[in-house]
Amino acid sequence: MDIQFSTEEQRFREECRDWLHANVPADKRPMDAADAIGFDKAWQRRLFDAGWAGINWPSQYGGRGLSIVQQVIWLEEYARAHAPWIGANFVGVNHGGPTLIINASEAQKEYHLPRILKGEAIWCQGFSEPGAGSDLAGIKTRGRVEGNELVINGSKIWTSFAHVADWQELVLRTEEGSQRHRGLSWVICDMHAPGIEIRPIRKISGQIEFAQVFYDDVRIPLENVVGGLGNGWKVAMSTLSFERGTGFIADQVKQSQEIEELIDRARATGAINDDRIAEALMQMRAEVAALRAMTYRNISEVVRNGQPGPEASVIRLFTAELGQRLDRMGLLLAGDDILDFRYGDDNHIADYLRGFAGTIAGGSSQIQRDIIAERVLGLPKSR
Amino acid sequence: MDLTPNSEQEALLSATADWCHDNMPLEQARSRHPALWNQLADMGWLGMTAPGMDLDHATEALVFAELGRHLAPVGMISSAVAARWSGHQGKTALALLDRDLTGGLLRVYDAPGATHALGLVGGLAALTALPSDLGGEPGLDLSAPLAHIDPAPPFTALGDPRAALHLQLLSAAFATGVADAARDMAAEYAKIREQFERPIGWFQALKHICADMAVRAAVAKSQLLYAACALDAGDADAGFHVASAKHLADQAAIDNGRANIQVHGGIGMTDEAYPHLCLKRAHLLTFVAPPERAVILGEAA
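Quick caveat: nothing in here was measured; it's all calculated off a predicted structure. (Residues numbered from 1 in each chain as written. Chains lettered and ligands numbered in written order. Predicted model: local features only at pLDDT ≥ 70, side-chain atom pairs only at ≥ 80, totals over all residues.)

### Quick notes on the overall build of chain B
If you tally the helices and strands in chain B, you get 9 helices and 9 strands. The C-alpha radius of gyration computed for chain B amounts to 19 Å, which stays within 12% of the reference 19 Å derived for 301 residues, consistent with globular compactness. Taking the principal axes of its C-alpha atoms as reference, chain B extends roughly 60 × 45 × 35 Å. (Helix = DSSP H or I, 4+ residues; strand = E, 2+ residues; numbered from the N terminus. Rg over C-alpha atoms; globule rule 2.2 N^0.38 Å.)

Okay, structure coming up:
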């Protein structure tokens, strides 16, 4: 065991740092998805042109074909350089793309992966429904096979970037009368297809970033099914473990900067002389260090065994809850300034309000605890 | 960068676990056989990082977490530190000063058979000679004989400041082991204890207590291994990482120790059952090389 990076990895880190230093945009990313889309696409294109998109994606699809450790180094330097959140490209780059790499046909990969990396195609996720949140297997949106098409009816919700997306990773019921995890399919849905209606939803932070999507006889070619009809649950689960393990490294590095900024601010204002605040800051500084250690352990596991260990789900839960405590501390140090918050402000109060999603989106913390209890500790399944 | 054990470390770890299971089960923590110390010395655990042994702190931390999981004698920590930094081989008792200066009350754990005790004095690891007939009776922690010397005799500080970090690291490893033990004990009980005609581990209220125990143990273990590697690498932040490891390990041991009693219900309240052994050990370990807030906050170098 060691925490040293190889000479090659250190050189790669220097390269990342130099490029980011010279290229991170000076202007701030706009807040609402509709305003930010141009910014996000242009930035992703610049990353791609310079060779920084898809660092560990296969090179035949536009990636660099490098190691996961180099991907981690890039993400660490990316956050350290205060580079902008990848925003609308998040689902394609962090979720849709990796799912396609594992499960899609050659033709699907050849078409979609380069477009994701170049920022030409924006993806959104279509998993949750009004009646299927934590109980994801309760999906009711259905796709009827007609000739070589799927005819889709139903609704998805909490779909981030739906109103600016080109494609959707859509999980729906393709076998009539099927129950729970069976009879589902993972489909690439064209968001510009006739019959799709999108109703944006405003968040408690004031942002308009997610939406409800309605499907009224939407026709999608059968060739857009990924991993075969009826295998949707398996396809969806193949990337959840990825998401739990390495999908949040940028967030974690951001947290390591946040804690330093909070400590600096607490020193500047004298708040650090309050024992409760000093204690909380100490706690979080130790935890941020442990989170990095846990992530390195997880990455090491991937390098050694090809997949994250069962404890990857611990990282997901811990990152989300630690993030919220950091946001809460930011608020505490801000004092009564928070009362002047207005929709459209993009500051630590917006961060705090946005941060509630951390323990809800992509599997609530309650579901994560069930997963840890059942899969890591072997307690009896209750669902 | 690699924070997973290699195949040799894996083998050593599973051999340690097997040996502990057969010879030093947690269930017998309050009545250890007098011959146990000779066996521990024979296994080489009292001097893993002693000069000439060629093992690193990462390997040692892995093994000590496993030993700690079986509530191994606390004197192993002081013995390992003494063997590494003072050349004092064999059994060295663990010394706790009630103030950070000599002259106050001295508590000594695992004194029988030890000529010296090692503890922290003014932030440095230090040794003191013990009276030959020092014995002891169990205190809060029922697993180790505790003796008092009042006032404390003079100590001789070990020159290298890394000895204190070593003491902090190994006590963090022991605490991490306690957190692991409490987590596993609670999870096993939740699988077999039935109420409302099903195992109590079926209920989310119990599941989430156990999941939080798993989170705390994983957090503590990860930081422990990172800190051990930092110490091995001579990293400038090693002091911060070891202090953080100790802080999180103590917290995990206490919180898991408490949760384990709650999961066991009435049984957890009994002297006969084992959960209280973990909690009491956890409380003792918080007094061994406690982390300083200034170090974790980055105020002190």
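### Observations regarding the overall build of chain A
When you go through chain A residue by residue, the secondary structure sums to 11 helices and 8 strands. In summary, chain A has a C-alpha radius of gyration of 21 Å against a globular reference of 21 Å for 383 residues, a match within 12%. Taking the principal axes of its C-alpha atoms as reference, chain A extends roughly 70 × 50 × 50 Å. By residue count, 46% of the 383 residues in chain A fall in the buried class. When contacts within chain A are restricted to residue pairs at least 6 apart in sequence, those whose partners lie at least 24 apart make up 72%. (Buried ≥ 20, exposed ≤ 12 C-beta atoms within 10 Å, placed from the backbone. Contact = placed C-beta atoms within 7 Å.)

### Topic: the domain arrangement of chain A
Residue and element names in this part refer to chain A. Taken domain by domain, chain A holds domain 1 (7-117), domain 2 (123-230) and domain 3 (248-376). Computed from C-alpha coordinates alone, the two centres of domain 1 and domain 3 are separated by 23 Å. Contact residues are listed per partner, giving 9 residues for domain 1 and 10 residues for domain 3. Here the residues of the side of domain 1 that touches domain 3 sort into 7 nonpolar, no polar and 2 charged. (Domains from an automatic or database assignment. Nonpolar A, V, L, I, M, F, W, Y, C, P; charged D, E, K, R; others polar.)

### Here we look at unusual backbone geometry
All names here are of chain B. In this model, Asp150 is joined to Pro151 through a cis peptide bond whose omega is 0°. Inspection of the secondary structure assignment puts Pro151 in the loop between β6 (145-149) and β7 (156-157). Despite not being glycine, Asp110 has its phi angle at roughly 60°, a positive value. Among the structural elements, Asp110 can be located in the loop between β2 (106-109) and β3 (116-121). Assessed through the 26 C-beta atoms surrounding it within 10 Å, Asp110 is described here as buried.

### Some details on the sheet that holds strand β1 (residues 93-97) of chain B
Residues and elements named next belong to chain B. The mixed open sheet is built from 7 strands, whose spatial order is β5-β6-β2-β1-β3-β4-β7. Two strands close off the open sheet at either side, each with one partner strand: β5 (137-138) and β7. With 2 bridges connecting them, strand β4 (residues 124-129) and β7 associate as antiparallel partners. Bridge pairing in β7 places Leu127 opposite Thr156. Sitting on the sheet, helix α5 (residues 162-192) is in contact with β3 and β4, with an inclination near 90° to β4. (Pairing = 2+ DSSP bridges. Axes fitted to C-alpha atoms, helices over the stretch in contact; angles between N-to-C directions.)

### Quick notes on helix α3 (residues 68-80) of chain A
Residue and element names in this part refer to chain A. Taking 1.5 Å per residue as the helical rise, α3 with its 13 residues ought to reach 18 Å, and the 18 Å between its terminal C-alpha atoms agrees with that figure. All of the buried residues along α3 are Val69, Val72, Ile73, Trp74, Leu75, Glu76, Glu77, Tyr78 and Ala79. Phi turns positive, to about 55°, at His82, one or two residues after α3. (Expected span 1.5 Å × (residues − 1).)

### Here we look at the interface of chain B and chain A
Tallying the contact residues gives 36 residues for chain B and 36 residues for chain A. No other element matches the 16 residues that helix α6 (residues 204-233) of chain B contributes to the side of chain B that touches chain A. Across the side of chain B that touches chain A, the residue classes tally to 22 nonpolar, 10 polar and 4 charged.

### Describing the pairing of strand β7 (residues 208-221) of chain A
Residue and element names in this part refer to chain A. Summarising the sheet, strand β3 (residues 149-160) and β7 pair through 9 bridges and their orientation is antiparallel. Note on β7: the bridge partner recorded for Gly154 is Tyr215. Inspection of the sheet shows strand β6 (residues 196-202) paired to β7 by 7 bridges, in the antiparallel sense. Paired with Ile201 across the strands is Phe210, a residue of β7. Where β6 hands over to β7, the hairpin turn is made up of 5 residues, of which Gly206 adopts a positive phi near 95°.

### Regarding the domain arrangement of chain B
All names here are of chain B. The domain boundaries assigned to chain B delineate domain 1 (27-57 + 70-155) and domain 2 (162-297). Taking only C-alpha atoms into account, the centre of domain 1 sits 22 Å from that of domain 2. Contacts between the two partners involve 22 residues from domain 1, matched on the other side by 20 residues from domain 2. Elements with a minimum of two residues in the side of domain 1 that touches domain 2: α4 (75-85), β1 and β4. Here the side of domain 1 that touches domain 2 is built from residues that sort into 14 nonpolar, 3 polar and 5 charged.

### Some thoughts on helix α2 (residues 33-49) of chain A
For an α-helix the count is 3.6 residues per turn, leaving residues at separations of three or four pointing the same way. Residue and element names in this part refer to chain A. Compared with the 24 Å implied by 1.5 Å per residue over 17 residues, the 23 Å span of α2 between its first and last C-alpha is a close match. Within α2 the residues assigned to the buried category are Ala33, Ala36, Ile37, Asp40, Trp43, Gln44 and Leu47. Those residues of α2 that are buried lie in contact with β7. Phi turns positive, to about 85°, at Gly51, one or two residues after α2.

### Examining the packing of helix α7 (residues 249-269) of chain A against helix α8 (residues 275-305) of chain A
Residues and elements named next belong to chain A. For the pair α7 and α8, the least separation of the axes is 10 Å and the interaxial angle reads 155°. Of the possible angle classes, the one that applies to α7 and α8 is roughly antiparallel. Considering how the two elements wind past one another, α7 and α8 form a crossing that is left-handed. Across the interface between the two elements, Ile249, Gln252, Gln255, Ser256, Ile259, Leu262, Ile263 and Ala266 of α7 pack against Ile277, Leu281, Met284, Arg285, Val288, Leu291, Arg292 and Thr295 of α8. Here the residues of the contact of α7 with α8 sort into 10 nonpolar, 4 polar and 2 charged. (Parallel < 35°, antiparallel > 145°, perpendicular 65-115°, else oblique. Left-handed = near helix turned anticlockwise from the far one by under 90°.)

### With respect to the environment of B:Leu12
All names here are of chain B. Mapped onto the fold, Leu12 is located in helix α1 (residues 7-23). Since 18 C-beta atoms lie within 10 Å of it, Leu12 is described here as partly exposed. The spacing of Leu12 and Leu62 is 50 residues in sequence and 9.3 Å in space, taken between C-alpha atoms. Residues in contact with Leu12, not counting those within four places in the same chain, are Thr59 and Val63.

### What about the confidence of the model for chain B?
Here chain B shows a mean pLDDT of 95. Residues at 70 or above account for 98%. In the model output, the complex is listed with pTM 0.95 alongside ipTM 0.96. (pLDDT = per-residue confidence, 0-100.)

### Some points on the pairing of β3(B)
Residue and element names in this part refer to chain B. With 6 of 6 residues buried, β3 is to be regarded as a mostly interior element. Across the two faces of β3 the burial is the same, with His116, Leu118 and Leu120 and Ala117, Gly119 and Val121 all buried. Inspection of the sheet shows β1 paired to β3 by 2 bridges, in the parallel sense. Pairing of Ala93 across the sheet is with Ala117, part of β3. Relative to β4, β3 runs antiparallel, the two sharing 6 bridges.

### Section: the packing of α8(A) against α6(B)
For the pair α8(A) and α6(B), the least separation of the axes is 8 Å and the interaxial angle reads 80°. It follows from the interaxial angle that α8(A) and α6(B) lie roughly perpendicular. Residues A:Glu287, A:Ala289, A:Ala290, A:Ala293, A:Met294 and A:Arg297 of α8(A) form the contact with α6(B), whose own contacting residues are B:Ala218, B:Val219, B:Ser222, B:Gln223, B:Leu225 and B:Tyr226. When the residues that make up the contact of α8(A) with α6(B) are grouped by side-chain class, the tally is 8 nonpolar, 2 polar and 2 charged.

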